[in-house]
Amino acid sequence: MKILVTGGTGYIGSHTVVELFNAGYEVVIVDDLSNSDIKILEQIEKITGKKPDFVKLDLCNEKEVNDFAAQHKDISGIIHFAAFKAVGESVQEPLKYYRNNFYSLINLLTAYNSKVKLVFSSSCTVYGQPDVLPVTEQAAVKKAESPYGNTKQIAEEILQETCAVKAELEVIVLRYFNPVGAHHTALIGELPNGIPQNLVPFITQSAIGKRNSITVYGDDYNTPDGSAIRDYIHVVDLAKAHVAAIKRLESKLGDNYEVFNIGTGKGSSVLEIINAFEQSTGEKLKYTIGKRREGDIEQTFGDVAKANKILGWKAELDINEMMNSAWKWEKYLKDNPF
Ligand code: NAD
Ligand code: WQD
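Naming follows an unreviewed UniProt entry, where the protein chain appears as UDP-glucose 4-epimerase of Pedobacter insulae. Recorded in UniProt for the protein chain, the comment headed Subunit (unreviewed entry) runs: "Homodimer."

What follows is the structure, given as structure tokens:
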């Protein structure tokens, strides 16, 4: 069984390729390397002993995607990670985000004539600030806070509406909570572009001396310690959820459009994460309390019962493993810059 992994040299994609190999799948990666490095292929080979097939291609290029599909008729499923994901940049350059995140999806669906099994990377951002926590898949989708978030909401609609009229299109949408951490070998991990906007890469870069102190964005939220709460999930657990989703599609048991939350089901505050990093690694962090960040929500964490039951998947790695692996990767990067 050969799986096409778009965005497979990226953060979540590379970890998923490793888990696909571990589960016995063949893999072909398509990536334009706009936010990843070709060296990741060697790193995957070091971990698994297998080098994935790789095609450098911009999925916005309709002709190239069609040519690829014509040459790769043996694909039994697609995991579509390729997208731009920086929330702040999407506010500054909405067209860049709408163009990339929609054209890539539409070109893929068209090239495979909507006859394909596809796992789509969505985000808990579609829920905004949920009214009820933990948030279930039935919760209302709120007006997106950013063009990036809007690309995920509309992409879900594109897939749902197409599945409604094309029975041969079988889709699983995974709504990720906050992916963090790295592979335990520290050979792959997140490669933030410029100053990290996300909490954990900022923490590790601060600990290694690349950044100054961390600013905690707000300690006046209605949470036990006043800082905002998220459902952090280890990227390796998240990667395994994609293998479970592919197996679910192969089983033909579900409807041809299904949505799953992928998180741990447990919320952690910013201050708890800082504390967990210090406890797990023995490193001391410098931080100050700042204002709330515009567009941030107070708290979210997922109800993951549906994924547990139907996908037979459950997050296994705890906050300590998330922090230790993220730190090991940061130290690896210092000695082995990309
Ligand atoms: P990433 O940027 O590390 O990986 C995305 C990959 O897609 C990169 O390698 C990039 O080069 C490639 N890519 C982008 N546009 C492309 C195009 N037009 N053609 C070919 N390749 C292209 O991001 P990630 O963190 O691994 O995220 C993967 C997916 O998960 C994205 O769809 C993202 O929106 C979604 N997601 C991420 C998070 C998160 O916090 N990281 C949370 C929820 C959802
Ligand atoms: C986590 C918490 C910050 C940095 C974003 C996207 C979302 C999804 C995941 C893709 C928040 C706080 C952060 C810092 C801080 N991506 N923080 N100081 O905002 O939950 O989600 O990434 O789909 O769409 O919006 O993640 O890691 O940026 O922030 O206090 O320097 O850490 O305010 O409460 P977020 P994050």
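After that view, the rundown keeps rolling.
A. Expanded view of the nonpolar core. The biggest cluster of nonpolar side chains holds 37 residues, and the ones touching the most others in it are Leu-20, Leu-174, Ile-262, Leu-311 and Trp-313. Of all the secondary-structure elements, those providing two or more residues to this core are β1 (2-6), α1 (11-22), β2 (26-31), α2 (40-48), β6 (170-176), α8 (235-251), β11 (257-262) and α10 (305-311). Residue contributions to this core peak at 9 residues, all from α8. With near-sequence residues (within four places) excluded, Trp-313 lies in contact with Ile-233, Asp-237, Lys-240, Ala-241, Ala-244, Ile-262, Gly-263, Ala-307 and Asn-308. Ranked by size, the runner-up nonpolar core spans 26 residues in total, among them Leu-59, Val-65, Ala-69 and Val-171.

B. Geometry of the site of ligand 2. Around ligand 2, 17 residues are found, and the nearest of them are Tyr-148, Thr-215, Arg-230, Arg-293 and Asp-296. Here an oxygen atom of ligand 2 and a side-chain polar atom of Arg-293 are 2.8 Å apart. Compared with its free state, where it exposes 680 Å², ligand 2 has 87% of that area covered by protein. Class assignment of the residues belonging to the shell around ligand 2 gives a composition of 8 nonpolar, 6 polar and 3 charged.

C. Structural detail: unusual backbone geometry. Looking along the chain, the bond that leaves Leu-133 and enters Pro-134 is cis, with omega of -5°. The residue Pro-134 is located in the loop between β5 (117-123) and α6 (147-165) in this model. Phi at Leu-33 takes a positive value of approximately 60°, unusual for a residue other than glycine. Positive phi, close to 55°, is recorded for Ser-114, a residue that is not glycine. Note on placement: Ser-114 falls in the loop between α5 (94-111) and β5.

Thresholds, definitions, all that
- Residues numbered from 1 in each chain as written.
- Chains lettered and ligands numbered in written order.
- Predicted model: local features only at pLDDT ≥ 70, side-chain atom pairs only at ≥ 80, totals over all residues.
- Heavy atoms only, no water.
- UniProt positions renumbered as here; feature names shortened; annotations may be inferred.
- Core = buried A, V, L, I, M, F, W, Y, C linked by side-chain atoms within 4.5 Å.
- Buried < 20%, exposed > 50% of the residue type's maximum accessible area, 1.4 Å probe, protein only.
- Helix = DSSP H or I, 4+ residues; strand = E, 2+ residues; numbered from the N terminus.
- Contact = heavy atoms within 4.5 Å.
- Near = heavy atom within 4 Å.
- Polar contact = N/O pair within 3.5 Å; in protein donor to acceptor, adjacent residues only side chain to side chain.
- Areas by Shrake-Rupley, 256 points an atom, 1.4 Å probe, with all protein chains shown as cover.
- Nonpolar A, V, L, I, M, F, W, Y, C, P; charged D, E, K, R; others polar.

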